[in-house]
Amino acid sequence: MRSRILIVGAGIAGLSLAQRLTRYGLDFDIIEKNSSETKCVTGAVLPFNAVRELKDLNVFDRLLNKFNQISEVTYSTMSGRTLGTASLADPPFENDQFITLKRQDLKGSLLEGLQKKVRYNTDLLSVEHGDNEVKITCSNELLNGTYDLVIAADGIDSAVRAQNYEGQQTIVDHDIVSWRFLISYPDHGLHPLHMIGHADLFMVYPVGPNALYCYGHIQEQNDLYSLTQDPKENLLRVFTSYGGAVPDILSRLDGVEIVTDRLKSVTEPIFFDRRIAFIGDAANGCSSLIQQGIATALEDSRCLADALAMQNIDQALQSYMERRQKVIAHVIKYSDDPVAQLRNMQRWSTRCIRYATIKTLGPPNVLGWRKLATGRHF
Ligand SMILES: Cc1cc2nc3c(=O)[nH]c(=O)nc-3n(C[C@H](O)[C@H](O)[C@H](O)COP(=O)(O)OP(=O)(O)OC[C@H]3O[C@@H](n4cnc5c(N)ncnc54)[C@H](O)[C@@H]3O)c2cc1C
């Protein structure tokens, strides 16, 4: 008898898993609470391991002409004084690619062939463990019932995780507010740049010669700025004293959709509980400081799908956890350790130490990528 599998969430993790299960001939249902019309309006930075996964998934070719390859990353002070630059073409990355693209293009490429399969406007409402099965209810009554396996791919604010661990704290909020947006900027001539302020950071990544993906964040508890409900006003308040291209970028915000978010992490990674598996941010969401979220979602999907193709569900869940545990611990460490430093950046002495570290060791996100590429945890 074929197993009944339900994927909750058609984001990066859910769609990439759906692609892999389809390839293996494994049937599944997939639900998504948003409508099919919902658009992603920001960009994404994909480091080497995310690109490797897209190639393995045969999705990379669908993105040709839609991505921008990046070859270096620079860190500077908020005034624009360079602290460090690192090449992304040198070992250990000489055979790899780092890219930026519109998130909508990435989602579109993962959705190809699955449009009719995803049940949109379908919100998971409850999960309940049974004997070797999970009973679910969702906003589409036709899908209510029992599944042999439920896979939570429903993001950092996972409803499945919240239901499963009701009453327990499974998320930490780092008290950092972030804003992301894409702007059109013809012939910008810019390279990837992270500008470090006092309690804040501004990041610019080109998405082709005429568009920029920008990201800014600030420690919420700070002595410098009080925030309002208006993202544009907040961006202007916090980043107006920055140098380089930032004033010019801020002058182009009219009509631009700005996504406000908070940096959050899981209190500890969760791989499975009985017949519920967790993948992507639902399993191991952490700060986006070294841009590992998409790579992790894609890797989780590959490991779980490979295991399901070869083993029974219980063995597959165990194998999935064993394959992912070690690397996830490293990803969380490299992503979340720098968050603690951010809390102290308002102190002049901490900033001096951070600047000196960047001058000596190079850009921290590139350092994190190098550690992941050369570590023994893969
Ligand atoms: C500010 C910021 C910047 C980031 N930048 C980068 C970057 O540049 N590069 C990078 O690699 N990562 C980045 N990340 C992280 C990355 O976005 C995530 O790690 C990645 O999207 C995780 O994929 P996912 O599929 O697990 O979750 P999501 O992409 O969040 O997808 C979850 C899906 O589940 C659906 N869902 C939720 N609840 C339910 C429910 N109850 N029922 C049905 N469906 C549901 C949601 O609508 C959504 O479609 C960033 C994150 C933030 C916050």
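First, a word on scope: everything that follows refers to the structure included in this document. Keep in mind it's a predicted model, so treat the numbers as computed, not measured.

As for the overall build of the protein chain
Scanning the protein chain for helices and strands turns up eleven helices and 19 strands. At 21 Å, the protein chain has a C-alpha radius of gyration in line with the 21 Å of a compact globule built from 378 residues. Within the protein chain, the proportion of its 378 residues that are buried is 45%. A fraction of 72% describes how many contacts in the protein chain between residues 6 or more apart in sequence connect residues 24 or more apart.

Things to note about the sheet that holds strand E2 (residues 29-31)
Within a sheet, each strand pairs with its neighbour through backbone hydrogen bonds, oriented either parallel or antiparallel. Read across the open sheet, the six strands follow the order E8-E2-E1-E12-E19-E18; overall the sheet is mixed. Two strands in the sheet have a free side with no partner beyond their single neighbour: strand E8 (118-119) and strand E18 (272-273). Sheet topology places E18 next to strand E19 (residues 276-278); two bridges connect them, and they run antiparallel. The residue of E19 that forms the bridge with Asp273 is Ile276. Across the face of the sheet, helix H1 (residues 12-23) comes into contact with strand E1 (5-8), E2 and strand E12 (149-152) while running at roughly 150° to E1.

A closer look at the site of the ligand
As a matter of local geometry, the ligand sits amid 33 residues, with Gly9, Gly11, Gly155, Gly280 and Gly293 nearest to it. Those elements that place two or more of their residues in the shell around the ligand are H1, strand E3 (43-46), strand E13 (171-184), helix H7 (281-284) and helix H8 (293-310). Ranked by residue count, the leading element in the shell around the ligand is H8, at four residues. The residue inventory of the shell around the ligand, partitioned by class, reads 15 nonpolar, eleven polar and seven charged.

A few points about the nonpolar core
By size, the foremost hydrophobic cluster in this structure holds 111 residues, and its most contacted members are Val150, Ile151, Ala277 and Ile279. In terms of residue count, helix H9 (residues 313-343) provides more of this core than any other element does, ten residues in total.

Things to note about the sheet that holds strand E9 (residues 124-130)
Taken in spatial order, the three strands make up an open sheet running E9-E10-E11, and their pairing is antiparallel. Edge positions in the sheet fall to E9 and strand E11 (145-147), since each has one partner strand and no second. Geometrically, the sheet is characterised by an average inter-axis angle of 30° between neighbouring strands, direction not taken into account. The sheet contact formed by strand E10 (residues 133-138) and E11 spans three bridges and is antiparallel. Looking at E11, one finds that Val134 is bridged to Tyr147.

Quick notes on the pairing of E1
Neither face of E1 is open: one carries Ile5 and Ile7, the other Leu6 and Val8, and all of them are buried. Pairing between E1 and E12: four bridges, direction parallel. Its bridge partner lying in E12, Ile7 is registered against Ile151. Relative to E2, E1 is paired through three bridges, and the arrangement is parallel. In the strand pairing of E2, Ile7 is matched with Ile30.

A few points about H1
Along its twelve residues, H1 runs 17 Å from first to last C-alpha, staying within 8% of the 16 Å computed at 1.5 Å per residue. Burial within H1 is extensive, with ten of its twelve residues counted as buried. Within the sequence span of H1, burial applies to Ile12, Ala13, Gly14, Leu15, Ser16, Leu17, Ala18, Gln19, Arg20 and Leu21. Those residues of H1 that are buried are in contact with E1, E2, helix H3 (103-111), E12 and H8. Directly beyond the C-terminal end of H1, a positive phi value near 75° is found at Gly25.

Some remarks on the packing of H1 against H8
At a minimum axis separation of 8 Å, H1 and H8 run at an interaxial angle of 30°. The angle between the axes of H1 and H8 places the two elements in the roughly parallel class. By crossing handedness, the relation of H1 to H8 is classed as right-handed. Where H1 abuts H8, its residues Ile12, Ala13, Ser16, Leu17, Arg20 and Leu21 lie against Ile294, Ala297, Leu298, Asp300, Ser301, Arg302, Leu304 and Ala305.

With respect to helix H11 (residues 364-374)
Note on helix geometry: an α-helix contains 3.6 residues per turn, so any two residues three or four positions apart are oriented the same way. Residues Pro364, Asn365, Val366, Gly368, Trp369, Arg370 and Leu372 constitute the buried set of H11. Against helix H2 (48-56), strand E5 (72-77), strand E6 (82-87), H9 and helix H10 (348-361) lie the buried residues of H11.

Conventions and cut-offs
Sequence order sets the numbering: in each chain, residues are counted from 1 along the sequence as written. Owing to the predicted nature of the model, reporting of local features is limited to residues with pLDDT of at least 70; listing and counting of side-chain atom pairs is limited to 80 or more, with chain, interface and lining totals taken over all residues. Strands are runs of DSSP state E lasting at least two residues, helices are runs of H or I lasting at least four, and both sets are numbered from the N terminus onward. Throughout, the radius of gyration refers to the C-alpha atoms, and the reference size of a globule is 2.2 Å times the residue count to the power 0.38. Three exposure classes are used, all based on how many other C-beta atoms lie within 10 Å of a residue's own C-beta (placed from the backbone): buried at 20 or more, exposed at 12 or fewer, and partly exposed between those limits. Each residue gets a C-beta atom placed from its backbone, and two residues are in contact if those atoms lie within 7 Å. Only strands that DSSP links by at least two bridges are regarded as paired with each other. Throughout, an axis means a line fitted to C-alpha atoms (over the contacting stretch in the case of helices), and angles, computed between N-to-C directions, take values from 0 to 180 degrees. As used in this record, a residue near a molecule or strand is one whose C-beta atom, placed from the backbone, is within 6 Å of it. Ten residues, namely Ala, Val, Leu, Ile, Met, Phe, Trp, Tyr, Cys and Pro, are considered nonpolar, four, namely Asp, Glu, Lys and Arg, are considered charged, and the remaining ones, Gly among them, are considered polar. The nonpolar core criterion groups buried Ala, Val, Leu, Ile, Met, Phe, Trp, Tyr and Cys residues into a set whenever they are joined through C-beta atoms within 7 Å. Expected helix span is computed as 1.5 Å times (number of residues minus one). By definition in this entry, angles of less than 35 degrees are roughly parallel, angles greater than 145 are roughly antiparallel, angles of 65 to 115 are roughly perpendicular, and the rest are oblique. Should the near helix be turned counterclockwise from the far one by less than a right angle, the crossing is left-handed, whereas a clockwise turn marks it as right-handed.

In short, geometric facts, not functional conclusions.
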